[in-house]
Amino acid sequence: MNARENTLRKDVSAALPAHVSKAAAAALSARDVTRSFGAVKAVDSVSLQLRPGEIHGLIGPNGSGKTTMLNLLCGFYPVTSGNIAIGSRDVTAATVQQRSAAGIARTFQKPRLLNSLSVLDNAMLGGWNSTRSGFLAAALATPRARRENADIRARAEEILCGVGLREVLDRPAGNLDHAEQRFLEIARSLVAQPSFLLLDEPAGGLTEHEIAQLAAVVGTVRNAGIGVLLVEHHTDFVFKICDRVTTLNLGATIKHGTPDEVRNDPEVIAVYLGA
Amino acid sequence: MKPISSSRPVLLVLSLVALVSLPFWAPDEYKIHLATLIAAYWVLIGGLNLAVGYTGLLSIGHVGLFAIGAYAFAILAGTHDVHPYVALAAAGGIGGLCGLLLGLPSLRLPGFYFAMATMAFGMIVGELSLAFDGLTGGGAGISVPAFPAPFDKPATVFWLVLSLAAIVTVMTWNVARLMFGRSLVALRDSEVAAAAVGIPFYRTKLAVYSFSGVTAGVGGAVFASLQTYITPETFVFDLGMFFFICIIIGGRGSILGPLLGTIALTALPEVAAPLAKLGQFFYGIVLLLVVLLVPEGIGSVFHLFRKQPAKTKHVVKPELELLSTALRKGAAR
Amino acid sequence: MFAVLMTGVAMGCLYAAAGLAYNVMYSTSKVLSVTTGHIFMLSGVFGAYFMTILGLPAWLAFAGAVAVGMTFGMVTELVAVRRILARSDEHLWLLSTLALGTIVAQSVALWWGTEPRPFPRLFAQDSASGVADQKYWLPIVAVLVLMAALECFYRKTLFGKVFLAVAEDPFAARARGIATSRVRAASYAIAGAMGGVAGFAAGQLTFANFALGHMLTLSGFIAVAVGGLGSNIGALVGGISLGLLTAITSYYFGGEFQQTIAVGLLMVFLLLKPEGLFGNQKVRHV
């Protein structure tokens, strides 16, 4: 079935799982998204909805399709079927760059930074979508180009200090330790003024203390009205800060609900959490 | 990216004074000519630096665009008596157009494919300059007019080329320190991150590559005028390698590094005659050593002399109030 | 006219051999080495040197040329590839192999001279043999033998199967205890030997010429771009297409537009079918 046709059919909502509401203005939603590699379904008909001002956890054992799902939402992989929308705007066929312009920002499991540039420069990169000046304007250092640069610099500085990197603004990003790099990537994403922030296992390799810092930052992000998708392995962390949690196994959704509902679900316990 | 000069304005001013006054303190006319030649190379290399050093586009055949600029100038100003300044501008325009045309199909390809495409382009230009001998003089070559007065003396033509080099330098420095420059580095070092923040690959690469075509065209034109006579032999693949090596040994992501690299590699064979004989062999060795031992370029060695903060672990200290304010300031979508 | 076609096919086979060398080296290292063409150049030059200057018999010179090729292949891996692969910067291997190729070509230019020098006959044959001249048949036979040998190697020998495993999935191979770096070194040695064989066989066609290196690097690349990286049949088809195309256009339009035509062919393919005719590698950015 053509992914586009799916959006246009009015009766599609009748086929949706109960937890995905119909009228979701400005939510990032995935409906029956499937991603196959040959005969293998890495993601199997998963639906979820990321609402503004909400932290949505996505958990599951290794190979359950969590990161694939994140990549599908951002556009790094195309869907095999299903559709993805922001509000009523279908973005299933949109490129990564187009989705970024539409308000989706993300971090990576292994931070992708420009090691030769400073922390500040890296964070400023996130402001790309708000620039309008092109090559010639930059080469001639037009007032607009300089103003855009200054504005983004100011915003990046604020956000970097906000996430806790005030001390290292001028360091080359390659010199940061692991935790700092993760927070830098988050800062870069926030400089983009996103509506949705998708975090790919941000707690990986962090100490208890650092995870607490991360939780505080993510909470502040949510309170500012940004929808956060948290793909994670640290289930304690997930259950503590998430508003809703979706659990995947072998590419398919096995449980969706509040942290308490998910944590106590027998199938989730059997497949993932253990006794 | 911190401009290099911000930490040493005095040094910069002194260098500029020395540079501008060069015709007065240079020992002989040949040295002035050499300096002019270096400046002509830098017109191309400064622009190419954005494409190669910042964006990572391995245009090893850029000499083809250099040749096009040179021949365009020679044919327009020489054969057709177009005014040299107009011919110079035209050479830049044609270089830019050819850079764009070369980039359109090639910039979608991965690194090695793109490099080979430019190498092939360089060879084609060589071939065509032999083939269309009615236009280019074929293997025998073509003579190139000098600029009219007041730029017909060694000192004045030096200042002319120096001005062009300065314009290119300022333009590239602007790009490097503004947002566009960051997007170039992102394309070079992490395409994944670049896509995630919304940078359009193809359009950005086309823009910077076309610019490098313009500077190649202008550089080729002044180079041709300096040489007074050009043949297809002048623009062999090895010359393209030379441009490339100047950038790499100077260091990617820097303007000063490749500039020093250009000066060093042009001047060195003049100073050390045995090196002149070895020519390309020497350049190849230098490139290999730099790539294996100092891949960040020799320019990065200067950074070692600057005070490096210790790689101590910092505790991340979020300032949540500040973060909250900053996030709410963001324009609603 | 037949002579033109034969030249085209014979040169095309040489291009195909360069393509095969690319494939072998690429399969284990994911590196496209600029030194590929120079292997063949070295073999031709040293073959001529061994026979004309040192007066060695043809079979000994052949063995020497193959040894030179193999050594250069291993040097490429050791010097230009091994250290570079350890770093994650993917541009560096292009620069290092480019540098090495330049060094080798320039060294040969300094030692052997920049003029192409003749490559002697390998078997006694009348120089008016026309189409049956060995200078055509040697490269053609050489490439076919090399392709057959590669097939045998991959399908019939254990080491060949190990190669395929590493090419398919280096992580899985390493997990199984295969020393991927040794396999890589061996593959470069094999590519070097192949270059030695084909370069020597084609010597009478190309002459001993230092400039052959860059030319074959480009032509071999066109062969795999057209035929599809990773496919030996593709390299053969691509190489022969290129050879025939340049030979025929040279015949009708003079040799002036050889490169232009060749690159025209390349560009058409890269635009329309970037993965080549038989390619299974997807050419993508990320």
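Calculation criteria
Residues numbered from 1 in each chain as written. Chains lettered and ligands numbered in written order. Predicted model: local features only at pLDDT ≥ 70, side-chain atom pairs only at ≥ 80, totals over all residues. Helix = DSSP H or I, 4+ residues; strand = E, 2+ residues; numbered from the N terminus. Rg over C-alpha atoms; globule rule 2.2 N^0.38 Å. Buried ≥ 20, exposed ≤ 12 C-beta atoms within 10 Å, placed from the backbone. Contact = placed C-beta atoms within 7 Å. Pairing = 2+ DSSP bridges. Axes fitted to C-alpha atoms, helices over the stretch in contact; angles between N-to-C directions. Nonpolar A, V, L, I, M, F, W, Y, C, P; charged D, E, K, R; others polar. Parallel < 35°, antiparallel > 145°, perpendicular 65-115°, else oblique. Left-handed = near helix turned anticlockwise from the far one by under 90°. Core = buried A, V, L, I, M, F, W, Y, C linked by C-beta atoms within 7 Å. pLDDT = per-residue confidence, 0-100.

A. The overall build of chain A, seen in detail. For chain A, the helix and strand inventory stands at eleven helices and ten strands. Taking 2.2 N^0.38 as the reference for a compact globule, 275 residues should give roughly 19 Å; the C-alpha atoms of chain A span a radius of gyration of 19 Å, in line with that estimate. Looking at chain A as a whole, 52% of its 275 residues qualify as buried. Put simply, of all contacts in chain A between residues at least 6 apart along the chain, 69% involve residues at least 24 apart.

B. Inspection of the overall build of chain C at higher detail. A count of helices and strands for chain C gives twelve helices and zero strands. Counting helices and strands in the order they occur from the N terminus, chain C gives α-α-α-α-α-α-α-α-α-α-α-α. Here the C-alpha radius of gyration of chain C, 18 Å, is about what a compact globule of 286 residues would show, namely 19 Å. A buried classification covers 55% of the 286 residues belonging to chain C. Contacts spanning at least 24 positions in sequence make up 77% of the contacts within chain C whose residues lie at least 6 apart.

C. Layout of the sheet that holds strand β7 (residues 196-200) of chain A. Residues and elements named next belong to chain A. Across the sheet, six strands lie side by side as β6-β7-β8-β3-β9-β10; this open sheet has mixed pairing. Pairing within the sheet leaves two strands with one partner each, and these edge strands are β6 (104-106) and β10 (252-257). Neighbour-to-neighbour, the strand axes of the sheet open up by a mean angle of 20°, direction not taken into account. Of the strand pairs in this sheet, β7 and strand β8 (residues 227-231) are connected by five bridges, and their pairing is parallel. Residue pairing in the sheet places F196 in a bridge with G227 of β8. Seen against the sheet, helix α2 (residues 66-74) touches β3 (55-59), β6, β7, β8 and β9 (244-249) and runs at an angle of roughly 150° to β7.

D. Looking closely at the interface of chain B and chain A. Facing the 43 residues of chain B at the interface are 57 residues of chain A. Listing elements by their share of the side of chain B that touches chain A, those giving two or more residues are α8 (154-177), α9 (179-189), α10 (191-196), α11 (201-227) and α17 (320-329) of chain B.

E. The arrangement of the sheet that holds strand β4 (residues 81-86) of chain A in detail. Taking strand neighbours across the sheet as the criterion, the four strands line up as β2-β1-β4-β5 (chain A) in an open arrangement whose pairing is antiparallel. Each edge of the open sheet carries a strand with a single partner, namely β2 (40-50) and β5 (89-90) of chain A.

F. Looking closely at the arrangement of the chains. Contact analysis covers two pairs of chains in contact, and the most contacts occur between chains A and B. These two, chain A and chain C, are apart from each other, with no contact and a minimum C-alpha gap of 9 Å.

G. Expanded view of the interface of chain C and chain B. Contacts between the two partners involve 35 residues from chain C, matched on the other side by 34 residues from chain B. Where the side of chain C that touches chain B is concerned, the elements lending two or more residues are α4 (92-112), α10 (212-227) and α12 (258-272) of chain C. Considering each element in turn, the side of chain C that touches chain B owes the most residues, twelve residues, to α4 of chain C. In terms of residue class, the side of chain C that touches chain B is built from 21 nonpolar, ten polar and four charged.

H. Representation of the pairing of β4 of chain A. Residues and elements named next belong to chain A. Examined bridge by bridge, strand β1 (residues 28-37) and β4 share five bridges and lie antiparallel to one another. Bridge assignment links S29 to a residue of β4, and that residue is A85. As paired strands, β4 and β5 are joined by two bridges and run antiparallel to one another. Paired with A85 across the bridge in β5 is D90.

I. Seen up close, the packing of helix α4 (residues 63-79) of chain B against α11 of chain B. All names here are of chain B. Taken N-terminus to C-terminus, the directions of α4 and α11 make an angle of 55°; their axes are 7 Å apart at the nearest point. Between α4 and α11, the crossing angle belongs to the class labelled oblique. Where α4 crosses over α11, the two elements pack in a sense that is right-handed. Packed against α4, whose contacting residues are L65, F66, A67, I68, G69, A70, A72, F73 and A74, the element α11 presents G213, A216, G217, V218, G219, G220, A221, F223, A224 and S225 at the interface. Class assignment for the residues of the contact of α4 with α11 results in 13 nonpolar, six polar and no charged.

J. Layout of the nonpolar core. Residues F73 of chain B together with A17 of chain C are the most contacted members of the largest nonpolar core, which totals 289 residues. Looking at which element gives the most residues to this core, the answer is helix α1 (residues 2-29) of chain C, with 16 residues. Among residues more than four places away in sequence, those in contact with A17 of chain C are A142, V143, L146, M194 and A198 of chain C.

K. Representation of the environment of L94 of chain C within the structure. In this structure, L94 of chain C sits in helix α4. A tally of 23 C-beta atoms within 10 Å means that L94 of chain C is categorised as buried. The sequence separation of L94 of chain C and V34 of chain C amounts to 60 residues, and the corresponding C-alpha distance is 6.9 Å. For L94 of chain C, the contacting residues outside a window of four places in its chain are L58, G111, F112 and A115 of chain B together with V34 of chain C.

L. Layout of the environment of V125 of chain B. Residue and element names in this part refer to chain B. Within the secondary structure, V125 sits in helix α6 (residues 111-131). The sequence separation of V125 and L65 amounts to 60 residues, and the corresponding C-alpha distance is 8.2 Å. Residues within four places of V125 in sequence aside, it is in contact with G64, A67 and I68.

M. How the structure looks around α9 of chain B. Where burial is concerned, most of α9 of chain B is hidden: eleven out of the eleven residues are buried. Considered for burial, the residues of α9 of chain B that qualify are M179, F180, G181, R182, S183, L184, V185, A186, L187, R188 and D189 of chain B.

N. Spotlight on the confidence of the model for chain C. All names here are of chain C. Mean pLDDT over chain C: 86, with 95% of residues reaching 70 or higher. Taken element by element, chain C is modelled with least confidence in α12, mean pLDDT 76, and with most confidence in helix α2 (residues 36-53), mean pLDDT 93. A low-confidence stretch, residues 282-286 stays under pLDDT 50, and its non-local contacts, those more than four residues away or across chains, total ten contacts. Interface confidence for the predicted complex, given as ipTM, is 0.88, next to a pTM of 0.89.

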